[in-house]
Amino acid sequence: INAEYMGTPSECLFFFEMTLKALVSIKRVIDYTVKVRVRPDKLGVIKDNVKHSCNPFDEIAVEQAVRMKEKKLVGEIVAVSIGGPKSVEVLRGSALALGVDRAIHVKLPSDNDDVESLAVAKILHKIAEKEKPDVILTGKQAIDDDSCAVPQMLAGLLGWSQATFISELEVAGKTAKICRETDAGMQRLEVSLPSVISCDLRLNEPRYAKLPEIMKAKKKPLQEITADSLGVSTQPKIQILEVADPPTRAAGRKVKTVEELITKLKTEAKVI
């Protein structure tokens, strides 16, 4: 609760404003500009000596939380990342340096370790039970596995409302008006808080961290815990049989007449 004194001492008027607590989930992924290569054993992709950064959709979630704080809708922002030792770099550079108040690092033994969506949702569920946020903001999906499942699973575990793929957000009191993108068009909904909200590209444009804020971020609180301390197993339940590059696209061919085009569509492409 934010309390602000208004008037003279004899009037003793105070205006109270309820502020929310936001939890933001972010992930360290291979940078979107990098051409991903399949490992020789074909059981994953090469991650060593490859540029990594914060998942772009998670950057949008962080930006939205910071904007809500600037509007005094949110009083505290806590960022969470599940990953190896280098995930700390993402927490400090892409969260704390942008205005997040403190961070929680759920540390894994290696930066190459992967955690399945259900385990991620269970970890975030345990953290949410302790932190008691009013809203959880996530990216709509991570660009490395493209599972697009954690926000929905987390809302189910918590028993909260959910708003996915949002491109607009307006919070008033304990409700949020959102606009979400679907295959059929734009859908406008009103959800009650607490809620799990996943952010799409058109929600906002993330800011860049300024050097003074990057320096300040080094002194902000960052708690380190493990999944075991939360009682959650990260052992995989899905076995990867093979990872392969997408098939090479065949070169196009020119035809001289419409008749020749129709013939090739019938006999070669077999689409008509």
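Owing to the predicted nature of the structure, the values given are computational and were not obtained by experimental measurement.

Caption draft 1: Spatial organisation of the nonpolar core. Core analysis: the largest hydrophobic core is formed by 36 residues, its most contacted members being Val24, Ile26, Leu137 and Leu169. For this core, the elements supplying multiple residues, two or more each, are strand E3 (20-26), helix H1 (56-70), strand E6 (74-83), helix H2 (87-94), strand E8 (135-139), strand E9 (161-172), strand E10 (175-182) and strand E12 (195-199). The dominant element in this core, judged by the number of residues it contributes, is H1, at six residues. Look past the residues within four positions of Val24 in its chain and what remains in contact with it is Ala61, Val62, Ala65, Ile77, Val78, Ala79, Val80 and Leu137.

Caption draft 2: Just the side chain of Arg28, in detail. Structurally, the position occupied by Arg28 is in strand E4 (residues 28-30). In this structure, Arg28 is buried with no salt-bridge partner, the nearest side chain bearing the opposite charge being Asp111 at 4.1 Å. Look past the residues within four positions of Arg28 in its chain and what remains in contact with it is His52, Ser53, Ser81, Lys86, Ser87, Val90 and Asp111.

Caption draft 3: Structural detail: the sheet that holds E6. As summarised here, the arrangement of the nine strands in space is E11-E10-E9-E12-E8-E3-E6-E7-E13, forming an open sheet in which the pairing is mixed. Pairing within the sheet leaves two strands with one partner each, and these edge strands are strand E11 (185-192) and strand E13 (222-225). Across the sheet, the axes of successive neighbouring strands diverge by a mean angle of 30°, strand direction being ignored. In the sheet, E3 pairs with E8 via three bridges, with the strands oriented parallel. Bridging across to E8, Ala22 finds its partner in Val135. Lying over the sheet, H1 contacts E3, E6, E8, E9 and E12, oriented at roughly 145° with respect to E8.

Parameters at a glance
- Residues numbered from 1 in each chain as written.
- Predicted model: local features only at pLDDT ≥ 70, side-chain atom pairs only at ≥ 80, totals over all residues.
- Heavy atoms only, no water.
- Core = buried A, V, L, I, M, F, W, Y, C linked by side-chain atoms within 4.5 Å.
- Buried < 20%, exposed > 50% of the residue type's maximum accessible area, 1.4 Å probe, protein only.
- Helix = DSSP H or I, 4+ residues; strand = E, 2+ residues; numbered from the N terminus.
- Contact = heavy atoms within 4.5 Å.
- Lys, Arg positive; Asp, Glu negative; His and termini not counted.
- Salt bridge = Lys/Arg side-chain N within 4 Å of Asp/Glu carboxyl O.
- Pairing = 2+ DSSP bridges.
- Axes fitted to C-alpha atoms, helices over the stretch in contact; angles between N-to-C directions.

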